Amino acid sequence: MTDVSDGVLHTLFRSDQGGHEQVVLCQDRATGLKAVIAIHSTALGPALGGTRFYPYASEEEAVADALNLARGMSYKNAMAGLGHGGGKAVIIGDPERIKSEELLLAYGRFVASLGGRYVTACDVGTYVADMDVVARECRWTTGRSPEHGGAGDSSVLTSFGVYQGMRAAAQHLWGDPSLRDRKVGVAGVGKVGHHLVEHLRAEGAEVVITDVREDAVRRVLDRHPEDVSAVADTAELIRTEGLDIYAPCALGGALNDDSVPVLTARVVCGAANNQLAHPGVEKDLADRGILYAPDYVVNAGGVIQVADELHGFDFDRSKAKASEIFDTTLAIFARAKEDGIPPAAAADRIAEQRMAEARPVR
């Protein structure tokens, strides 16, 4: 076994980042499917989390990502007050090249084989139409289209929840939840980011964007030709003078040893998962006086939406619950101040307490 594999197994069984209940490796040679399903916890109920379709550099990297993402879902679902534990799946490969109906059906059969311990949904590289296909083989599928009894695009409420987190950060830091005239930098204006820009502009915020895809930037600029500006890349965005809020809305690891020292914003609040590149970054942010709204708290609107789908989707009910992210985020900031710890650590303590209290006494 290679050193990398040993590291994955250490994460699974022995490290503070582990504690997973189950990891399933899935392969269907006929369709080219290679997938990992990680279940971190079912203490609060069946594990719920999306399916990421991504061209990982190695199988070991894919397993590690599934483990980290599943653990994050346990904390996210706990903080969102949902009756679900945390799980995540990754499909290895470039979705533009290998995604097919047959592959998605094979994946659905693997999820179904878990008998409801894991409920899947969309994530990076998978979409509502994909979940419609998966659902043909697996009834434990959410994020489907309205035509197939689903809630549709979960990025709508994901962005709304991040917006509520920003308002809470503004309330805590500046004494007013309004984002009017605040300068907000959004890195990644794809599925979630472009919806977030709409919320920000509706309130009168000044918005600066960037994205690796020119078409995504152009879509936003065409809609807001006078109200939104763009910069070349994230490195330029985080150095933008006068930035009040930085919103990482692409892939994880945005807050790291290189970005934190040069970040000009007073607040970080974005939709990306696993924004902290490694333990200790949350303290680096606090030491610089930067208020961090924990990612898994503020981006929970999407999982709130897909969880509601399991009970017969009602958008107004889901949006009302996503609105509670404002109060939850404020409570985390208050707990952090009371305990003298960074907000990320405060959120972890609250989530861990909820999961521990839910475990049956043996």
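Everything discussed here concerns the structure shown above.
Now for a description of the structure that goes with this document. (Residues numbered from 1 in each chain as written. Predicted model: local features only at pLDDT ≥ 70, side-chain atom pairs only at ≥ 80, totals over all residues. Heavy atoms only, no water.)

1. Some details on the packing of aromatic side chains
Logical step 1: Under the criterion given, the structure shown has four aromatic pairs.
Logical step 2: An angle of 70° between the planes, with centres 5.8 Å apart, marks the rings of tyrosine 75 and tyrosine 296 as edge-to-face. Pair noted here: tyrosine 75 is in helix α2 (residues 59-79) and tyrosine 296 is in helix α11 (residues 295-298), with a separation of 221 residues, a long-range link.
Logical step 3: Residue classification places tyrosine 296 among the buried residues on the basis of a relative accessible area of 10%.
Logical step 4: Both rings, one in phenylalanine 313 and one in phenylalanine 315, keep their centres 6.4 Å apart while their planes meet at 75°; by these two values the pair is edge-to-face.
Logical step 5: Judged by its relative accessible area of 36%, phenylalanine 315 falls in the partly exposed class.
Logical step 6: When the ring centre of tyrosine 127 is taken as origin, the NZ or CZ atom of lysine 191, which lies over that ring, is 4.6 Å away. (Phe/Tyr/Trp six-rings, centres within 6.5 Å; stacked < 30°, edge-to-face > 60°. Helix = DSSP H or I, 4+ residues; strand = E, 2+ residues; numbered from the N terminus. Buried < 20%, exposed > 50% of the residue type's maximum accessible area, 1.4 Å probe, protein only. Lys NZ or Arg CZ within 6 Å of the ring centre and 35° of its normal.)

2. Details of the nonpolar core
Logical step 1: The biggest cluster of nonpolar side chains holds 69 residues, and the ones touching the most others in it are Tyr107, Tyr118, Met166, Val186, Leu196, Leu200 and Ile209.
Logical step 2: Tallying contributions element by element places helix α6 (residues 155-174) first for this core, with seven residues.
Logical step 3: Apart from residues no more than four positions distant in its own chain, tyrosine 118 is found in contact with Ile37, Ile39, Ala47, Gly49, Gly50, Thr51, Gly87, Lys88, Ala89, Tyr107, Val111 and Trp140.
Logical step 4: Of all hydrophobic cores here, the second largest spans 18 residues; its members include Ile238, Tyr246, Val268 and Tyr292. (Core = buried A, V, L, I, M, F, W, Y, C linked by side-chain atoms within 4.5 Å. Contact = heavy atoms within 4.5 Å.)

3. Comments concerning the pattern of salt bridges
Logical step 1: This structure, assessed with the given rule, holds 19 salt bridges.
Logical step 2: For the salt bridge of aspartate 123 with arginine 52, the shortest nitrogen-to-oxygen distance reads 2.6 Å. Here aspartate 123 is found in the loop between β6 (118-119) and α5 (128-134), whereas its partner arginine 52 is found in strand β4 (residues 51-54), with 71 residues between them in sequence. Residue aspartate 123 shares its accessibility class with arginine 52, and that shared class is buried.
Logical step 3: A salt bridge links lysine 321 to glutamate 324, with the nearest nitrogen and oxygen atoms 3.8 Å apart.
Logical step 4: For lysine 321, a relative accessible area of 26% corresponds to the partly exposed category.
Logical step 5: Given the relative accessible area of 42%, glutamate 324 is considered partly exposed.
Logical step 6: When salt bridges with common partners are traced through the structure, they connect Arg52, Asp65, Lys88 and Asp123 into a single cluster. (Salt bridge = Lys/Arg side-chain N within 4 Å of Asp/Glu carboxyl O.)

4. Points about the packing of α2 against helix α15 (residues 343-358)
Logical step 1: Between α2 and α15, the least distance of the axes is 9 Å, while the angle of their chain directions is 85°. The orientation of α2 relative to α15 falls into the category roughly perpendicular. Counted together, Arg71, Ser74, Tyr75, Ala78 and Met79 of α2 and Ala347, Asp348, Ile350, Ala351, Glu352, Arg354 and Met355 of α15 form the full contact between these two elements. (Axes fitted to C-alpha atoms, helices over the stretch in contact; angles between N-to-C directions. Parallel < 35°, antiparallel > 145°, perpendicular 65-115°, else oblique.)

5. What to know about the sheet that holds strand β12 (residues 291-292)
Logical step 1: In space, the six strands of this open sheet follow the order β9-β8-β7-β10-β11-β12, with parallel pairing throughout. Here the strands that pair on one side only, and so sit at the sheet edges, are β9 (228-230) and β12.
Logical step 2: Sheet analysis places strand β11 (residues 267-268) next to β12, joined by two bridges and oriented parallel. The partner of valine 268 across the bridge, within β12, is tyrosine 292. (Pairing = 2+ DSSP bridges.)

6. Describing α15
Logical step 1: Taking 1.5 Å per residue, 16 residues should reach 22 Å; α15 reaches 23 Å between its end C-alpha atoms and fits that length.
Logical step 2: For α15, the complete set of buried residues consists of Pro343, Ala344, Ala346, Ala347, Ile350, Ala351 and Met355. An end-on view of α15 places all buried positions within 165° of arc, on one side of the element.
Logical step 3: Of the surrounding elements, those touching the buried residues of α15 are β2 (33-41), α2, α10 (281-287), β12, α11 and α14 (325-339). (Expected span 1.5 Å × (residues − 1). Arc of directions from axis to C-beta.)

7. Things to note about the side chain of arginine 52
Logical step 1: Classification of arginine 52 as buried rests on a relative accessible area of 9%.
Logical step 2: Among the polar contacts listed, one links the side chain of arginine 52 to the side chain of aspartate 123, at a separation of 2.6 Å.
Logical step 3: Discounting chain neighbours no more than four positions away, the residues touching arginine 52 are Asp65, Leu69, Ala89, Val90, Ile91, Asp123, Val124, Leu251 and Asn273. (Polar contact = N/O pair within 3.5 Å; in protein donor to acceptor, adjacent residues only side chain to side chain.)

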